[in-house]
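Chain residues, written in single-letter form:
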Amino acid sequence: MSKQLIWGRAALTAVMGVALLWSPISAGVMAEAPLSINSNSYKAFHDTYDEQDPDRKFLRALDTRFYNVELDIMVDSGHSTYSGPQYPDYLQGQVKLYVKHDAAAQPNTRNLYQYFEEVAAQIERNGGSVHGDGQSIVINLDMKSANNPDYAQIARSLQAILEHYDALMTSGNVGDAGSFTERAITVCLSGSEGLKSAYFDYISGTTGKLLAFKDEVYSLTDGRRGNPADYFPNDADIYHRFYAIHWKHIESGFDLLTPGNWSQDEEERLEEMLRMATDKGYTLRFYSLNGNEGAWHYKFPGGDGDAAQRWTQFAYMNDKLGTRHFVSTDSYEAITKVFDRFLVPLRDYNHRVEKAGGTQSGTDVSVSLTSDNRVVEVHKAEGLLNNNLWYSVGSIQDDGYIQWLTNKRIDPNGINKNGIQPHSDVTDINGQTIVVQVNQTDGTGSGLWANLGRLEADSTMTWMTNERIAIGGQHTEGSWPHVAIDGDRIVLVYLNGGKLQYQAGVIHSGNYQIEWNQAGSIHDQSAERPDVAFQNGQLIVAYQNNGRLNYTLGAWNGNGPITWGTTGDMQGQNGHDPTVAFIGNDKVIELHTSENTGLIWYNIGEIRGNAIEWVHNYIWDSGSSSKPSVDYQASSNTLIDLHKAGTNDALWYNSGKIHMP
């Protein structure tokens, strides 16, 4: 986030003061229309050919819905020409154009025209566009300077191919900036400036009808400009319509292989650059955004996990802006895996948790979302010897920024509350928003406690009850208590002797009491740091076991006992501090901290019968973090996580949405 924007938010809070605390909050939130993002339409394939197996990569790119492909072209050392019946009539006498990357006197690879034949055949099969949806495919031709090419010869040969497919080609007339007309194939000339100039000169002296357009490159060696406007000093003309931009011009440190956290600053820089380029009439292709594939100097340290976070946010930003720019990668199978099944979390905002006069610190943070889109968080104060328990309430703005309205001690009956390992959840009962906060005692022993409160319209909390958790007259002992609520039913999971335990009951909103009526072990399972989600009678408990991430499914039907079902692992993954939330009737999201890097990763799971199919595992927050807490509100498609910084006790949040394809 820019310093200017931080000042603007802080100044607004200071000027409005109490008025903000008492601003009216909607009694209900309109259900948001589900997102529908054609993420594949932003994919670009770097070096879309395989010299040993000529058809495989290019045909694979067409099959997997890439809309932007790249072919490197060159001539042989003798500048030989097409001659003989084995070549198309329209190319007879033209210089041969080979598709090849590395210099060779005799390339002996496929000819450029053969790739156009394949694209044209697919366009015919699909009713007029390469993927059958009316969108153009961009073919980038990167001219190599090997073998001393005669660029005038190459321009004539290239134009012969393009004129053969004239009816399919995007075109424009020299000197007429408004004549750009997009069709099924758009050709962009990249690489050698010699070909770009020769092609324009050739068209200017003949037909005047451009069937190819040029880009400008901001490469790895070009300096990173502080102001995005400096990248686009002029409006697009009829010939210069594209830019190819190394990702370092978005993300500081990428050129040094130390990109670090995908920050709010970089998110806003990407937004500004995409919007500005569109306004100027350009299409951008960002290159080098690789995960586990490609050259080492184009890879993220975290591989596909790091890259997928950027790919996902790139598609989301284009969708929000209504733009169409491209992200190029060598990790074409990995990006296709994400984009073909685009069931992913999308980030709107990343920022520090704020309070009056500054920012918020703490440990063991827990977050919940209310039905009217307010955020409730509880945490223990920072410091080993400070066990004060606090809460904050915020309101999510349209852009995902959270306006924090309240920051106070938890004080049932006016008495400040202490404890360790706090957790909470919210529910609506009889017109009231009820918050249940649980914790382990901070004194002698391992007693578990519960506080019940009512969230008021002014975003303060009236805490009504502070009681020992007990069942059948027996106090509950344990650690790491986590709670989830479904209507008036409540489930507590916790640890006792290293074993996973549960307790369940009913919330009585009239007297703000919990009637605990069932308890037991969850499969006698050894566990660490469990979390629980509860929706429509379904339960999922996520936890660690010797560092391995595991889950157990459960069901609570009617007033009967909870039935605990399948226990499984999350594809053998390791991690710390798992947190889980339902994101649909049969879908869940799980966040955890990497055991090696401190980054927050996510898993998306789809419940299939009595087990979970885990479909994605990528980075959610690429900064050093710990102990995430996640919640989701389906009515507004709002996703929120709060977590502690990995190097100190600063509290941060990510707000966003879930894309449900």
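Each chain carries its own residue numbering, running from 1 in the direction its sequence is written. The predicted nature of this model means local features are confined to residues of pLDDT at least 70 and side-chain atom pairs, given and counted, to a pLDDT of 80 or more, with totals for whole chains, interfaces and linings taken over all residues. Heavy atoms throughout the structure, all of them, feed into the side-chain values; hydrogens and water do not.

A few points about the overall build of the chain
Then step 1. Within the chain, the regular secondary structure consists of nine helices and 39 strands.
Then step 2. If you line up the chain on its principal axes, its C-alpha atoms span 95 × 55 × 40 Å.
Then step 3. Note on classification: 1.4 Å probe, protein chains only; a residue is buried when its accessible area is under 20% of the maximum for its type, exposed when over 50%, partly exposed between these limits. Relative to its 661 residues, the chain shows a buried fraction of 59%.
Then step 4. To be clear on the numbers: accessible area is Shrake-Rupley with a 1.4 Å probe, and residue cover counts the displayed protein chains and nothing else. A total accessible area of about 24800 Å² is found for the chain, and carbon and sulfur atoms account for 47% of it.
Then step 5. Side chains of the chain carry 50 positive and 79 negative charges; the gap between the two charge centres is 2 Å. For helices the rule is a DSSP run of H or I covering at least 4 residues; for strands it is a run of E covering at least 2, with both sets numbered from the N terminus onward. Counting rule for charge: Lys and Arg are taken as positive, Asp and Glu as negative, and neither His nor the chain ends is counted. Note on charges: their place is set at NZ of Lys, CZ of Arg, CG of Asp or CD of Glu.

Some thoughts on the pairing of strand β11 (residues 326–329)
Then step 1. Taking every second residue as pointing to the same face, both faces of β11 are buried, with F326 and S328 on one and V327 and T329 on the other.
Then step 2. A strand pair is defined by DSSP finding two or more bridges across the two strands. Note: strand β1 (residues 43–45) against β11, three bridges, orientation parallel. The partner of F45 across the bridge, within β11, is T329.
Then step 3. Bridge count for strand β10 (residues 283–287) against β11 is two bridges, and the pairing is parallel.

Here we look at the pairing of strand β19 (residues 420–429)
Then step 1. Across the 10 residues of β19, eight count as buried, placing the element largely inside the fold.
Then step 2. Where β19 and strand β20 (residues 432–440) come together, eight bridges link them in antiparallel fashion. Looking at β20, one finds that H423 is bridged to V438.
Then step 3. Between the end of β19 and the start of β20, which pair antiparallel, lie two residues, with N430 showing a positive phi angle near 50°.

Focus: the packing of helix α5 (residues 151–164) against helix α6 (residues 193–204)
Then step 1. Comment: axis = line fitted to C-alpha atoms, over the contacting stretch for helices; angle = value between 0 and 180 degrees taken between N-to-C directions. Look at α5 against α6: their axes get within 8 Å of each other, and the N-to-C directions meet at 65°. Seen along the crossing, α5 lies across α6 with a hand that is right-handed. Residues Y151, A152, I154, A155, R156, L158, Q159 and L162 of α5 form the contact with α6, whose own contacting residues are G194, L195, A198, Y199, Y202 and I203.
Then step 2. Ten residues, namely Ala, Val, Leu, Ile, Met, Phe, Trp, Tyr, Cys and Pro, are considered nonpolar, four, namely Asp, Glu, Lys and Arg, are considered charged, and the remaining ones, Gly among them, are considered polar. Class assignment for the residues of the contact of α5 with α6 results in 11 nonpolar, two polar and one charged. Each crossing is labelled by how the near helix is turned from the far one, with a counterclockwise turn of less than a right angle marking it left-handed and a clockwise turn marking it right-handed. Note on contacts: a residue pair qualifies if any of its non-hydrogen atoms lie within 4.5 Å across the two residues.

Regarding the sheet that holds strand β25 (residues 479–486)
Then step 1. The antiparallel open sheet is built from four strands, whose spatial order is β25-β26-β27-β28. Looking at the sheet topology across the chains shown, the edges are occupied by β25 and β28 (513–526). Geometrically, the sheet is characterised by an average inter-axis angle of 20° between neighbouring strands, direction not taken into account.
Then step 2. Two strands pair when backbone bridges link them, and strand β27 (residues 499–508) and β28 are joined in this way by nine bridges, in the antiparallel orientation. Bridge assignment links Q501 to a residue of β28, and that residue is S521.

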